[in-house]
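# Descriptive structure summary
Below are the chains, spelled out letter by letter.
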Amino acid sequence: MKNVLLVVPTLLQGGGQKFVLDLAKGLDKEQFRVRVLVFFRQRHKAFAEFAEQNGIETVYLDKKKGLDLSFFRQVRKAIKEFQPDVIHSHLNTMLYLLPFYRKKQVKLHTVHTLAEKEHYGMQKLVNYIAFHWRGVVPVAISDTVAGTIANVHHLKPERIPVVYNGVDCARYDIPKVAGDTFNFVSVGTIYEVKNFPFLVDCFAALHKTHPETRLTIVGNGAQRGKLHQQIDALGLSEAVTITGTVGNVEDYLAAADVYVASSHFEGLPLSILEAMAAGLPVITTNVGGVPDVVHHGENGLLIPPGDPEAYLAALTELTENAEKRAALAARSKELSKNYDEELTIHGYESLYKKG
């Protein structure tokens, strides 16, 4: 049996953190003993409960904000105690792992976004050192992300395995909920990268001509207050809902007609894969790894980022064209089978066994 240490900075809300917990839950317990090492004590209630309910062994350290030289001792102690055969890092954790990698360990780092957006300054240098001189293998979550890793870190493409993100497709395969309104839904942390103000502005323009439309934003984040102010100023308080963090995303997807996203950039958002598994057509900005899974005119519509006229046209088209909507939805459902979490888990299990 191999000891696998999954390392994240926090268990606060985010796609990377959700990915780690899903992976920890799904790995074959007869082959791998899994522990999640979390640098900061802060945690999201839903994530902490998920870890506890699924028996995920989790250790919280006590890192201070910023560069914390004393923190190396905590990491060294945690690694020495667990004796990992595999160290699998995520997000901005590699700096504190760098001194403790050993030659015989399998060392992986999943890049959850475009490589040029993942880190800046010292953290970018740390990743470069890890990939070139410490034997750490960068894992890409999509083909597009793999290309950015090769370019940013000057690596040969064959050195970069690609393991696509995955979701529990069965969880989202539930009957649709019929209603009197036409419902758009978007899921994500409410912060600048997701560009929710742009989405709300475009929806406001649609709602003037299609008053039966509704928009639900499932998530929470630092910009939630400002987004509420924008919604109120546009007179959309009855048409736009922000739910906060929920534990039943699948129910909101089942009640929707179309999934919408408006990010400035992305790696490969789990929320879009969830929407596909739920059988929803997708309208999204054409950024990052999104076009690896959303194919324009096949299972969704790809819009240039920051183009409100094109985005409004897409919203209008799918609101009015039921036949097109149904065709895109059916293809979304079909393609989602390629991104089931079992395939993701098996991909990482294969990488863990290579050492």
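Residues numbered from 1 in each chain as written. Predicted model: local features only at pLDDT ≥ 70, side-chain atom pairs only at ≥ 80, totals over all residues. Heavy atoms only, no water.

## Comments concerning the sheet that holds strand 9 (residues 240-242)
Spatially, six strands are ordered 9-8-7-10-11-12 in an open sheet, and the strand pairing comes out parallel. With one partner strand each, in any of the chains shown, strand 9 and strand 12 (300-303) form the two edges of the open sheet. Averaged over all adjacent pairs, the angle separating strand axes in this sheet is 20°, with direction ignored. Across two bridges, strand 10 (residues 258-260) lies against strand 11 (residues 282-285) in parallel orientation. By the bridge assignment for strand 11, Tyr 259 is matched with Val 282. Across the sheet, helix 10 (residues 224-233) lies against strand 8 (213-218) and strand 9, angled at about 165° from strand 9, the strand it touches most. (Pairing = 2+ DSSP bridges. Helix = DSSP H or I, 4+ residues; strand = E, 2+ residues; numbered from the N terminus. Axes fitted to C-alpha atoms, helices over the stretch in contact; angles between N-to-C directions. Contact = heavy atoms within 4.5 Å.)

## Here we look at the packing of helix 9 (residues 196-209) against helix 10
Between helix 9 and helix 10, whose axes approach to 10 Å, the crossing angle comes to 15°. Considering their axes alone, helix 9 and helix 10 lie roughly parallel with respect to each other. Pair helix 9 / helix 10 crosses with right-handed handedness. Residues Phe 196, Pro 197, Val 200 and Asp 201 of helix 9 lie in contact with helix 10, whose contacting residues are Leu 227, Gln 230 and Ile 231. (Parallel < 35°, antiparallel > 145°, perpendicular 65-115°, else oblique. Left-handed = near helix turned anticlockwise from the far one by under 90°.)

## Looking at a positive patch on the surface
Side chains of Lys 64, Arg 73, Arg 76 and Lys 80 sit close together on the surface and give a patch of like positive charge. If you trace the backbone, Arg 76 turns up in helix 3 (residues 71-82). Taking relative accessible area as the criterion, Arg 76 reaches 48% and is therefore assigned partly exposed. (Patch = residues over 30% accessible without salt bridge, like charges linked within 9 Å, V, L, I, M, F, W, Y side chains within 5 Å. Areas by Shrake-Rupley, 256 points an atom, 1.4 Å probe, with all protein chains shown as cover. Salt bridge = Lys/Arg side-chain N within 4 Å of Asp/Glu carboxyl O. Lys, Arg positive; Asp, Glu negative; His and termini not counted. Charge placed at Lys NZ, Arg CZ, Asp CG, Glu CD. Buried < 20%, exposed > 50% of the residue type's maximum accessible area, 1.4 Å probe, protein only.)

## Some thoughts on helix 12 (residues 270-277)
Within helix 12, eight of the eight residues are buried, which leaves the element mostly enclosed by the surrounding structure. Listed as buried for helix 12 are Leu 270, Ser 271, Ile 272, Leu 273, Glu 274, Ala 275, Met 276 and Ala 277. Looking one or two residues beyond helix 12, the residue adopting positive phi is Gly 279, at roughly 75°.

## Considerations on the packing of helix 13 (residues 308-320) against helix 14 (residues 322-336)
Orientation of helix 13 relative to helix 14, taken along the N-to-C sense of each, is 100°, at an axis distance of 5 Å. Put simply, helix 13 runs roughly perpendicular to helix 14. Only Ala 322, Lys 324, Arg 325 and Leu 328 of helix 14 make contact with helix 13, whose side of the interface consists of Glu 317, Leu 318, Thr 319 and Glu 320. Here the residues of the contact of helix 13 with helix 14 sort into three nonpolar, one polar and four charged. (Nonpolar A, V, L, I, M, F, W, Y, C, P; charged D, E, K, R; others polar.)

## Topic: unusual backbone geometry
Among all residues except glycine, the phi angle is most often negative; among peptide bonds, the trans geometry is most common. Positive phi outside glycine occurs at Gln 83, with the angle close to 55°. Tracing the backbone through its elements, the reader meets Gln 83 in the loop between helix 3 and strand 4 (86-90). Among the residues examined, Gln 83 registers a relative accessible area of 51% and is labelled exposed. Residue His 154 is not a glycine yet carries a positive backbone phi of 55°. Overall, the relative accessible area of 57% leaves His 154 in the exposed class.

## Describing the packing of aromatic side chains
As enumerated under the stated definition, the model contains twelve aromatic pairs in all. Pairing Phe 184 with Phe 203 gives two aromatic rings, centres 6.3 Å apart and planes at 75°, and the pair type is edge-to-face. Linking Phe 184 in strand 7 (residues 182-187) with Phe 203 in helix 9, this pair joins segments that are 19 residues apart in sequence. When its relative accessible area of 1% is taken as the criterion, Phe 203 is described as buried. Feature note: the residues Phe 19, Phe 32, Tyr 348 and Tyr 352 constitute an aromatic cluster, connected by ring pairs. (Phe/Tyr/Trp six-rings, centres within 6.5 Å; stacked < 30°, edge-to-face > 60°.)

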